[in-house]
Amino acid sequence: MSASSMPALRLLRTSPLLDAETIPPAMLDPYELKSGIWGRIRVTEGRLTLRFLESGRDQVIEAGRDGIMCPRQPCRVELAGPVRFDVAYFGESPAPGSEASGEDEWIQAATAASAKEPLIAKVPGKVAPPGLDEEVVRRVVDAFYDRIRADRLLEPVFSAAIPAERWPIHLRTMYDFWSSLLLGTGRFQGRPVPKHMALPGLGDAHFIRWLALFRETVEAICHPRTAALFVDRAERVAQSFRLSLAFHRGEDTTRIVPLRAGEGAASPAERRVEHAAP
C-alpha cells in the first residue's frame, strides 16, 4: 500500500525527525493506531523495518520511501543501524485534542489478542475491514478477470484452461472462493491445486504478474485496509500454489521464497536476500 492509496484524510500532526534516541518507546513494542487514525512513516536517512503482526509481513522502508500504518493494525518498528525518519498522523474525522497533540494521543499498545486476530469479516469476534461484503467480492473478481483476459502474459494460460463458454462458471467459483476465504461463508468446496498442476509452463513470471494485477484491482476498488487483506490472502494463495508446483516437479521447496504483490521479477537469489533482510 502506498501513500497515494490512503483515503482522503486530515493531517493532524507531523513528528520532528526521529532517530534511535528519540523514537517514542511505544513504537518499539507491539502497538496500533487508534480507530480512525492513519500513520505515514517517511525515512530520510538509513532504513527501518515496519513489522505487521497480523499478517507476519515485513516492510523494509529505506530513505526516500514511505510506510503506511492503518487504524488498529498491530505493528512494531525495528531500526537497522543509524536512521532518521518522521511520522505523519492523519484522521478520518477530527481527532481528540489539538493538532499539537503528541503521539500518545493516537498510539495505543496492541494487546496479545489484537496482535493475533486476523481481519476476517462476518465471523463472530473478528474485525471486519471497511466495506468488505459479497458485492465487493464480486466486483473484485469481475474486474480482476477482466484484466487477466486482457493481459498478454496471462490471457493465453487462462484461455487454454477455460473455454469461453465456461467463464461464467469460473467466475461464480471465484466468487465462492474469495467469499469463503475472506467472509467465512464456507461456500467453496473445490480443490484448486490439482488443476494448476496440469498447466504446462506455469512459473514465477505468471504468479508475479497475477499478484501485480490483483493488487492493482483491489487498490482501485477497495478501502485500503480491505485491499491490504485481499493482497495478503492472494500472496498466501500464490505461495501455496508455488510450493505445490515445486514439490510436484521434484524441485527444492526450501528455495521458494514468498512473492510480494507488485514486486518485480527479481531472481531467486535476490528474493532470498530481501526476505532475509532485517
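Here, the structure is the one placed above.
Residues numbered from 1 in each chain as written. Predicted model: local features only at pLDDT ≥ 70, side-chain atom pairs only at ≥ 80, totals over all residues. Heavy atoms only, no water.

A closer look at the nonpolar core
Right, so step 1: Core analysis: the largest hydrophobic core is formed by 41 residues, its most contacted members being Tyr 145, Trp 178, Trp 210 and Phe 230.
Right, so step 2: Elements that contribute at least two residues to this core include exactly helix H2 (134-149), helix H4 (167-183), helix H6 (204-221) and helix H7 (224-248).
Right, so step 3: Those residues in contact with Tyr 145 that lie beyond four places of it in its chain are Phe 158, Trp 167, His 170, Leu 171 and Met 174.
Right, so step 4: With 22 residues, the next largest nonpolar core counts Leu 12, Leu 18, Leu 50 and Tyr 89 among its residues. (Core = buried A, V, L, I, M, F, W, Y, C linked by side-chain atoms within 4.5 Å. Buried < 20%, exposed > 50% of the residue type's maximum accessible area, 1.4 Å probe, protein only. Helix = DSSP H or I, 4+ residues; strand = E, 2+ residues; numbered from the N terminus. Contact = heavy atoms within 4.5 Å.)

Things to note about the sheet that holds strand S3 (residues 37-45)
Right, so step 1: Strand order across the open sheet formed by four strands is S1-S8-S3-S6, with antiparallel pairing between neighbours. Both edges of this open sheet fall to strand S1 (10-14) and strand S6 (66-69), since each of them pairs with a single strand only. Between one strand axis and the next, the sheet turns through 25° on average, direction left out of account.
Right, so step 2: Sheet topology note: the S3/S6 ladder contains four bridges and is antiparallel. In the sheet register, Gly 39 faces S6, and the bridge partner there is Met 69. (Pairing = 2+ DSSP bridges. Axes fitted to C-alpha atoms, helices over the stretch in contact; angles between N-to-C directions.)

A look at H2
Right, so step 1: Over its 16 residues, H2 extends 23 Å from the first C-alpha to the last, a length consistent with the 22 Å expected when each residue adds 1.5 Å.
Right, so step 2: Those residues of H2 not exposed but buried are Glu 134, Val 136, Val 137, Val 140, Val 141, Phe 144, Tyr 145 and Ile 148. Projected onto a plane normal to the axis of H2, the buried residues spread over an arc of 155° and lie on a single side.
Right, so step 3: At its buried positions, H2 is contacted by helix H3 (155-161), H4, H6 and H7. (Expected span 1.5 Å × (residues − 1). Arc of directions from axis to C-beta.)

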